[in-house]
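Here is what each chain is made of, one letter per residue.
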Amino acid sequence: MSTAVHDLMDNETRIKPEALPEDRPAVLQLRGLRKKFGGHSVINGIDLDVREGEFFGLLGPNGAGKTTTISIVSGLLEPSEGSVDIFGDKMSRHNSKLKKKIAVVQQDLSIYPQLTCMENLLFFGGMYGLGGRKLKAKAMEALEIVGLSDRANKPRAGKLSGGQKRRLNIAAALMHDPKLLILDEPTVGVDPQSRNYIFETLQKLNRDGMTLIYTSHYMEEVEQLCGRVGIMDHGEIIECNPVPTLLDQHGQAVVRLKIQAADAARILEAEPELSDSVSLALDTEANLVTCVAPKLVQALNRINRLIGDYRIEPVNCEVLPPSLETVFLKLTGKSLRD
Ligand SMILES: Nc1ncnc2c1ncn2[C@@H]1O[C@H](COP(=O)(O)OP(=O)(O)OP(=O)(O)O)[C@@H](O)[C@H]1O
């Protein structure tokens, strides 16, 4: 077996973040959540429990309804129907006491570019009633957590890199010691170094006991960080489980083999049923053979047999091991990146 195939199989067995036992108390409970904008329904009945200490991922393509859900959870929007309970208390636009227990890192940056990092954090901490030495110490601690201590007083926030601005945005959310941290696509436009820093920061906060909800349309991020994932599409959570369960129940490997037109014609003549098969499908317009199987090794073996049987000289081959991407493909019939 080639090294590339070994690498792919390692990928299949790599260690995933663990889901928490089900007996932890629910921090967030959504019941029958619906939202309409001018008669257009964008959230279509969401029921969800997020438990204390969870790192929960909400994964879905653009427009699935993640930001709308987060905005309702954080009390920025009222639902059209249904309820949001956080720490056993009803969330609403006017529940400022409950809002102090949570923090939301929005997709849009909320920092002031003309202020330094320290000035930004002193401002946000002040808004939550902190003052004096405690405020300064908290700001230093938040900068330390996101790795920006050496940028405390210069440059101004507007001159930081995109990733550093995102990290400062997270630091601002930590100023009032939230028990629940909600992040809406916090790595959009972030360089790889800052992205890793953000990941490490969030993993540490979670290890220290904070409950996190993380939305993304990057399945690799959710797969790497989150113990349990809700897959969203068209305003619904269509599946919600720990990542290993999702992969076990819905994971599938996909191998796409591009071949010569002449080889496609030979295969079609010998096996006409392949033109409408699902597990091994031949597309004679695209000269493409697609094999779908629960395990990567099964898909590769099937494609290898075909290559051997018909003495095919492949043009190229694309291999997708089971992942949240292929789970999404199976559940919705479309790619997450469409
Ligand atoms: N204020 C609004 N008025 C009307 N329609 C809205 C409003 N906010 C969101 N929508 C619509 O609701 C749907 C869900 O949008 P939402 O931003 O929640 O999706 P998303 O999953 O967060 O997408 P993205 O990953 O692009 O942020 C979209 O069709 C969007 O156009």
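Residues numbered from 1 in each chain as written. Predicted model: local features only at pLDDT ≥ 70, side-chain atom pairs only at ≥ 80, totals over all residues. Heavy atoms only, no water.

## Some points on the domain arrangement of the chain
Then, number 1: Each assigned domain of the chain is listed here: domain 1 (26–248) and domain 2 (252–321).
Then, number 2: Once you take the C-alpha centre of each, domain 1 and domain 2 turn out to be 43 Å apart. (Domains from an automatic or database assignment.)

## A word on the packing of aromatic side chains
Then, number 1: Taken as a whole and judged by the stated rule, the model has 4 aromatic pairs.
Then, number 2: With 6.1 Å between their ring centres and 25 degrees between their planes, tyrosine 112 and phenylalanine 124 make a pair best called stacked. Here phenylalanine 124 lies in helix 4 (residues 117–127) and tyrosine 112 lies in the loop between strand 6 (102–105) and helix 4, a separation of 12 residues in the sequence.
Then, number 3: In this structure tyrosine 112 comes out as partly exposed when scored by relative accessible area, which is 35%.
Then, number 4: Overall, phenylalanine 124 belongs to the buried group, its relative accessible area being 11%.
Then, number 5: Residues phenylalanine 123 and phenylalanine 124 carry aromatic rings whose centres are separated by 5.4 Å and whose planes lie at 70 degrees to one another, so their mutual orientation is edge-to-face.
Then, number 6: Judged by relative accessible area, phenylalanine 123 falls into the partly exposed class, the value being 34%.
Then, number 7: Every member of this aromatic cluster is reached through a ring pair, and the members are Tyr112, Phe123 and Phe124. (Phe/Tyr/Trp six-rings, centres within 6.5 Å; stacked < 30°, edge-to-face > 60°. Helix = DSSP H or I, 4+ residues; strand = E, 2+ residues; numbered from the N terminus. Buried < 20%, exposed > 50% of the residue type's maximum accessible area, 1.4 Å probe, protein only.)

## Re the pattern of salt bridges
Then, number 1: Here the structure, examined in full by the defined rule, presents 12 salt bridges.
Then, number 2: The network of salt bridges with common partners includes Lys138, Glu141 and Asp177. (Salt bridge = Lys/Arg side-chain N within 4 Å of Asp/Glu carboxyl O.)

## As for the pairing of strand 12 (residues 280–283)
Then, number 1: For strand 12 and strand 13 (residues 288–293), the ladder comprises 4 bridges, and the chain directions are antiparallel. In the sheet register, leucine 282 faces strand 13, and the bridge partner there is valine 289.
Then, number 2: Counted along the chain from strand 12 to the antiparallel partner strand 13, the turn is 4 residues long, and its residue asparagine 287 has a positive phi close to 55 degrees. (Pairing = 2+ DSSP bridges.)

## Considerations on the sheet that holds strand 13
Then, number 1: With antiparallel pairing, the 4 strands of this open sheet are ordered in space as 12-13-11-14. A single partner strand is all that each edge strand has here, and the edge strands are strand 12 and strand 14 (316–320). With strand direction ignored, the average angle separating the axes of adjacent strands in the sheet is 15 degrees.
Then, number 2: Lying over the sheet, helix 11 (residues 296–310) contacts strand 11 (253–258), strand 12, strand 13 and strand 14, oriented at roughly 25 degrees with respect to strand 11. (Axes fitted to C-alpha atoms, helices over the stretch in contact; angles between N-to-C directions. Contact = heavy atoms within 4.5 Å.)

## Some points on the UniProt feature "domain: ABC transporter" (unreviewed entry) in the chain
Then, number 1: Residues given the UniProt feature "domain: ABC transporter" (unreviewed entry) here are residues 28–259.
Then, number 2: Span residues 28–259 is 35% helix and 30% strand, its end C-alpha atoms 51 Å apart. (UniProt positions renumbered as here; feature names shortened; annotations may be inferred.)

## What to know about the packing of helix 4 against helix 5 (residues 132–145)
Then, number 1: Two numbers describe how helix 4 lies on helix 5: the axes approach to 9 Å, and their chain directions differ by 125 degrees. The angle between the axes of helix 4 and helix 5 places the two elements in the oblique class. Handedness of the crossing formed by helix 4 with helix 5: right-handed. Note on element contacts: helix 5 touches helix 4 through Leu135, Lys136, Ala139, Met140, Ala142 and Leu143, opposite Cys117, Met118, Leu121, Leu122, Gly125 and Gly126.
Then, number 2: When the residues that make up the contact of helix 4 with helix 5 are grouped by side-chain class, the tally is 9 nonpolar, 2 polar and 1 charged. (Parallel < 35°, antiparallel > 145°, perpendicular 65-115°, else oblique. Left-handed = near helix turned anticlockwise from the far one by under 90°. Nonpolar A, V, L, I, M, F, W, Y, C, P; charged D, E, K, R; others polar.)

## So, the site of the ligand
Then, number 1: Around the ligand sit Phe37, Val42, Pro61, Asn62, Gly63, Ala64, Gly65, Lys66, Thr67, Thr68, Gln107 and Glu185, and those are all the residues in its vicinity.
Then, number 2: Between asparagine 62 and the ligand, the recorded distance is 2.9 Å, taken from a side-chain N or O atom to an oxygen atom.
Then, number 3: Glutamine 107 is positioned such that a nitrogen or oxygen atom in its side chain is 3.1 Å from an oxygen atom of the ligand.
Then, number 4: The class makeup of the residues in the shell around the ligand is 4 nonpolar, 6 polar and 2 charged. (Near = heavy atom within 4 Å. Polar contact = N/O pair within 3.5 Å; in protein donor to acceptor, adjacent residues only side chain to side chain.)

## A few points about the sheet that holds strand 8 (residues 211–216)
Then, number 1: An order of 6-7-8-3-9-10 is seen for the 6 strands of this open sheet, with the pairing classed as mixed. Strand pairing shows two members of the sheet lacking a second neighbour, strand 6 and strand 10 (236–242), which therefore form its edges. Going from strand to strand, the sheet's axes swing by 15 degrees on average, the running direction of each strand aside.
Then, number 2: Bridge analysis of strand 6 against strand 7 (residues 180–184) gives 4 bridges, and the strand direction is parallel. Its bridge partner being in strand 7, alanine 103 is matched across the sheet by leucine 181.

## What to know about the environment of isoleucine 145
Then, number 1: With respect to the helices and strands, isoleucine 145 occurs in helix 5.
Then, number 2: The partly exposed category is assigned to isoleucine 145, whose relative accessible area is 29%.
Then, number 3: On a C-alpha basis, the gap between isoleucine 145 and glutamine 298 in space is 45 Å, while along the polypeptide they are 153 residues apart.
Then, number 4: If near-sequence neighbours (up to four positions away) are discounted, isoleucine 145 is found in contact with Leu174, Tyr197, Thr201 and Leu205.

## Quick notes on the pairing of strand 13
Then, number 1: Pairing of strand 11 with strand 13, which is carried by 6 bridges, proceeds in the antiparallel orientation. In the sheet register, alanine 253 faces strand 13, and the bridge partner there is alanine 293.

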